[in-house]
Amino acid sequence: MASEAPVCLIIGGGITGLIAAVTLQQQGIQPLILDKGYGLGGRLASRRLQAPSGSEGQFDYGAQQFTVGTPSFQTWVDDWLRQGIVKVWSTGFANIMGGVRSSDRPPGMASYCGVVSQRAIAQHLAQTLDVHPRQKVIRLDWQDGQWVAHTETGQRFAGDLALLTPPLPQTLDLLASSGIAVPEPLRLRLAAITYTRCIAVLALLAQESAIPAPGGLDLDGEPLQWIASNFKKGVSSGYGVTLHGGPEFSQQYWQAENDAIAAHLIAAAQPWLNTPEIAHHVHRWKYSQPRQRFSKPFVWLDHPGPLVLAGDGFGPAAAASALEGAVLSGLAAATAIAF
Ligand SMILES: Cc1cc2nc3c(=O)[nH]c(=O)nc-3n(C[C@H](O)[C@H](O)[C@H](O)COP(=O)(O)OP(=O)(O)OC[C@H]3O[C@@H](n4cnc5c(N)ncnc54)[C@H](O)[C@@H]3O)c2cc1C
């Protein structure tokens, strides 16, 4: 029997879209997720890398960990802890001075990560959802009282409402190419939300690195802002190290050859690697983390049809991490849609 439940098209299967989808489903709304990626999770990204010798490693190469500052997100995290989806990784990472970076977290605040991988958190959330990967939305039309999403593969997906969760610049580009007008003062405020770039180098080592337990070093500088041992983190049986270039390095080397980028960051990390690299992979994150957040957790547009914008560019100041900002935005958007 055909379902009478209203359908909400969700563009983006990152944590914002997935949390919103689970919440909508609980409220009797049918979420339909479209994502341009091969795997789910967006910036909750993990992959394997194999060396010609056959050795391999698993890498978290987007969000490394997250902190929680609100009871509403803590409820979800406690449930994930009970189900063995996440664990406490650390209560403070060493930084280059040997202390705990205090700029964005109180000492002792728990940092969580996926037990298997960061992407596994997304896969857990998606278990009961209608998700369509490899579907890049290139245009949204309001036709006969419904939203129709046209994808690069030539397919069309219809819904009664639409929720857009990509990084804000990508959302604004999609609205512009779809001819959907956003009132100019609001568009200017949304366009003012910018993101840092981050080049990630995934380096598979011959032996375990010298990164101290529990495996994360918060360098917060240039050219490196973060180094992690995926082995010490417990997500890789191979000696995979994730290196994140700082925003200035990433901007400056954006167009450089992959091998030159890898050589530069691996050399900078040498004191903590202590062993040769046997394979590497470079990933460019054009939209890594928002520099600012919009003052509200989502934006609701009524014309030409109900359209909601959410993601980590929105969200309350109470969010203790970029990822929590995304979660709170997704929860608030879904609650507004459902009620
Ligand atoms: C290198 C790096 C390190 C980070 N470290 C941390 C950290 O340590 N702690 C922390 O809290 N946060 C961290 N973050 C930020 C955190 O990952 C994000 O805040 C969070 O994952 C954002 O989730 P989201 O769902 O809002 O966006 P995304 O995860 O980006 O999801 C948006 C989705 O939309 C899809 N999409 C975009 N355009 C289209 C389209 N036209 N059609 C279909 N699909 C589309 C994308 O494929 C993507 O899957 C980091 C991010 C990066 C990149």
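Just so it is clear, the model here is predicted, and its values are computed rather than measured.

Basis of the calculations
Residues numbered from 1 in each chain as written. Predicted model: local features only at pLDDT ≥ 70, side-chain atom pairs only at ≥ 80, totals over all residues. Heavy atoms only, no water. Helix = DSSP H or I, 4+ residues; strand = E, 2+ residues; numbered from the N terminus. Rg over C-alpha atoms; globule rule 2.2 N^0.38 Å. Buried < 20%, exposed > 50% of the residue type's maximum accessible area, 1.4 Å probe, protein only. Contact = heavy atoms within 4.5 Å. Areas by Shrake-Rupley, 256 points an atom, 1.4 Å probe, with all protein chains shown as cover. Pairing = 2+ DSSP bridges. Axes fitted to C-alpha atoms, helices over the stretch in contact; angles between N-to-C directions. Domains from an automatic or database assignment. Buried area = accessible area lost by both parts, 1.4 Å probe. Polar contact = N/O pair within 3.5 Å; in protein donor to acceptor, adjacent residues only side chain to side chain. Nonpolar A, V, L, I, M, F, W, Y, C, P; charged D, E, K, R; others polar. Near = heavy atom within 4 Å. Disulfide = S-S within 2.5 Å. Left-handed = near helix turned anticlockwise from the far one by under 90°.

So, on to the overall build of the protein. Counting its regular elements, the protein contains 10 helices and 19 strands. On C-alpha atoms alone, the protein measures out to a radius of gyration of 20 Å, which is about the 20 Å that the 2.2 N^0.38 rule sets for 339 residues. In terms of principal-axis extent, the alpha carbons of the protein reach across some 65 × 40 × 40 Å. Taken over 339 residues, the protein has a buried fraction of 53%. Counted over contacts in the protein with a minimum sequence separation of 6, partners at least 24 positions apart contribute 66%. Summed over all atoms, the accessible surface of the protein reaches about 14500 Å², with 52% contributed by carbon and sulfur.

The next point concerns the sheet that holds strand β1 (residues 7-11). Strand order across the open sheet formed by 6 strands is β8-β2-β1-β12-β19-β18, with mixed pairing between neighbours. Of all strands in the sheet, those bounded by a partner on one side alone are β8 (130-132) and β18 (299-301). Across the sheet, the mean angle separating the axes of adjacent strands is 20 degrees when strand polarity is ignored. Bridge count between strand β12 (residues 161-164) and strand β19 (residues 307-309): 3 bridges; the pairing is parallel. Paired with Leu164 across the two strands is Leu309, which belongs to β19. Lying on the sheet, helix α1 (residues 15-26) is in contact with β1, β2 (30-34) and β12; it crosses β2 at an angle near 160 degrees.

For the rest of this paragraph, the subject is the domain arrangement of the protein. Split by domain assignment, the protein resolves into domain 1 (1-38 + 133-193 + 294-339) and domain 2 (46-117 + 195-291). For domain 1 and domain 2, the distance between their C-alpha centroids amounts to 28 Å. Residue-level contacts link 20 residues of domain 1 with 17 residues of domain 2. Summed over both sides, the interface of domain 1 with domain 2 buries roughly 1400 Å², with 70% coming from carbon and sulfur. The largest per-residue losses of area from domain 1 upon contact with domain 2 belong to Ala320, Leu323 and Glu324, which jointly make up 28% of the total buried on that side. Across the domain 1-domain 2 interface, the total number found is 7 residue pairs in polar contact (both at pLDDT 80 or more). Sorting the residues of the side of domain 1 that touches domain 2 by element identifies α1, α4 (168-177) and α10 (322-338) as the ones contributing at least two each. In terms of residues, the side of domain 1 that touches domain 2 owes the most to one element, α10, which gives 6 residues. Looking at the side of domain 1 that touches domain 2, its residues break down into 14 nonpolar, 4 polar and 2 charged.

Relative to the helices and strands, Ala228 is located in strand β15 (residues 224-229). Counting along the chain gives 164 residues from Ala228 to Gln64, while the straight-line C-alpha distance between them is 8.2 Å.

A few words now on the site of the ligand. Taken together, 35 residues sit near the ligand, with Thr16, Asp35, Arg43, Gln65 and Asp312 positioned nearest. In the model, a nitrogen atom of the ligand is placed 3.3 Å from a nitrogen or oxygen of the Gln289 side chain. In the environment of the ligand, an oxygen atom lies 2.9 Å from a nitrogen or oxygen atom belonging to the backbone of Leu323. In isolation the ligand exposes 1000 Å². Once the protein is present, 94% of that is buried.

The next subject is the state of the cysteines. By the definition in use, this model includes 0 disulfides. In this structure Cys198 is a free cysteine whose sulfur lies 18 Å from that of Cys113, the closest cysteine sulfur available.

Further remarks concern the packing of α1 against α10. Packing of α1 against α10 leaves a shortest axis separation of 8 Å and a crossing angle of 35 degrees. Of the two elements, α1 crosses α10, and the hand of that crossing is right-handed. Contacts between α1 and α10 involve Ile15, Thr16, Ile19, Ala20, Thr23 and Leu24 from the former and Leu323, Ala326, Val327, Ser329, Gly330, Leu331, Ala334, Ile337 and Ala338 from the latter. Looking at side-chain class alone, the contact of α1 with α10 contains 11 nonpolar, 4 polar and no charged residues.

It is worth spelling out the pairing of strand β3 (residues 46-50) at this point. Here 5 bridges tie β3 to strand β4 (residues 56-60), and the two strands are oriented antiparallel to one another. Its bridge partner lying in β4, Gln50 is registered against Glu56. Connecting the antiparallel pair β3 and β4 is a turn made up of 5 residues, with Gly54 showing a positive phi of about 100 degrees.

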